[in-house]
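Examination of the molecular architecture
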Amino acid sequence: MVIKVTEWGNNYAIDSAGLGEALKRSSAALAQGGNDLNQSIGMIVAANDVLQDPETAGQALKTIALRIRKTKAELTDMGEDAEGAAKTVSELRKQVLALSGVDIMKDENTYKSTYEILKQISQVYDKLTDKNQAGLLELL
């Protein structure tokens, strides 16, 4: 893992310390979200490119990964911000699908990874209405 962190830190607009900090904040949620290390690092680097703050990038990805797999009540119980979160996973699935055309599930029992979901959303995001973009951002 140290080699990967150093490699990414040397080649992208984030240093190894920042990448390590972002991973510290998000790795458990991203692993639970079905993401491998390369996918997790890739999402962190991309988020940090926009935010220019590894701590915020890590926290944002943790929040997204948790919101995709947890209900509003579960998030509240974990001490996470649940404002705008779906009450049930099936409700979230329906809402994300209606807003973006992207299904967060591979089948009735299997989630897609956070990486897969965000990649698919990124491919349609610019084509969505402002209202659908805002609704999607609030959910995730």
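Residues numbered from 1 in each chain as written. Predicted model: local features only at pLDDT ≥ 70, side-chain atom pairs only at ≥ 80, totals over all residues. Heavy atoms only, no water.

**Describing the overall build of the protein**
Here is the rule: Secondary structure elements are taken from DSSP: a helix is a run of H or I of four residues or more, a strand is a run of E of two residues or more, and numbering for both begins at the N terminus. In this setup the radius of gyration rests on C-alpha atoms only. A globule is expected at 2.2 Å times the number of residues raised to 0.38. Here, two residues are considered to be in contact whenever any of their heavy atoms come within 4.5 Å of each other. For the area figures, the Shrake-Rupley method with a 1.4 Å probe applies, and any residue is considered shielded solely by the protein chains shown.
Secondary structure summary: the protein contains eight helices and two strands in total. Mapped from its N terminus to its C terminus, the protein presents α and β elements in the order α-α-α-α-α-α-β-β-α-α. A compact globule built from 140 residues would reach a C-alpha radius of gyration of about 14 Å, and the protein, at 15 Å, matches this within 12%. In the protein, the proportion of contacts linking residues at least 24 apart, taken out of those at least 6 apart, comes to 48%. For the protein, the exposed area adds up to about 7800 Å²; of that, 51% sits on carbon and sulfur atoms.

**Here's the deal with the environment of S26**
Position of S26 relative to the elements: it lies in helix α2 (residues 16–32). Taking C-alpha positions, S26 is 16 Å from D49, a pair spaced 23 residues apart along the chain. S26 has contacts with I44, G58, L61 and K62, leaving out every residue within four places of it along the chain.

**Section: the pattern of salt bridges**
One side chain can pair with another of opposite charge once the charged atoms of both are near each other. Threshold: Salt bridge, as applied in this entry: a Lys or Arg side-chain nitrogen positioned within 4 Å of an Asp or Glu carboxyl oxygen. Exposure classes here rest on a 1.4 Å probe applied to the protein chains alone. A residue is buried below 20% of its type maximum, exposed above 50%, and partly exposed in between.
In the structure shown here, the tally under the stated rule is seven salt bridges. With its nearest N and O atoms 2.8 Å apart, the salt bridge here joins R93 to D103. In this pair, R93 sits in helix α6 (residues 89–100) while D103 sits in the loop between α6 and β1 (105–107), placing the two residues 10 residues apart along the sequence. In this pair, the class of R93 matches that of D103, namely buried. Overlapping salt bridges bring together E21, K24, R25 and E55 as one network.

**Comments concerning the nonpolar core**
What tends to happen in soluble globular proteins is that the nonpolar side chains get buried as a cluster. Operational definition: To qualify as a nonpolar core, a set must consist of buried Ala, Val, Leu, Ile, Met, Phe, Trp, Tyr and Cys residues joined through side-chain atoms within 4.5 Å.
In this structure, L19, I44 and L61 are the most contacted members of the largest nonpolar core, which totals 18 residues. When neighbours within four sequence positions are excluded, I44 is seen to be in contact with I14, L19, A22, L23, S26, A57 and L61. One finds I64, V102, L136 and L139 within the second-largest nonpolar core, a separate group that totals 16 residues.

**A short note on helix α4 (residues 54–69)**
Under the convention used in this document: Expected helix span is taken as 1.5 Å per residue step, with the number of steps being one fewer than the number of residues.
End to end, α4 covers 23 Å across 16 residues, agreeing with the expected 22 Å (1.5 Å per residue, within 8%). Every buried residue of α4 is accounted for by A57, G58, L61, I64, A65, L66, R67 and I68.

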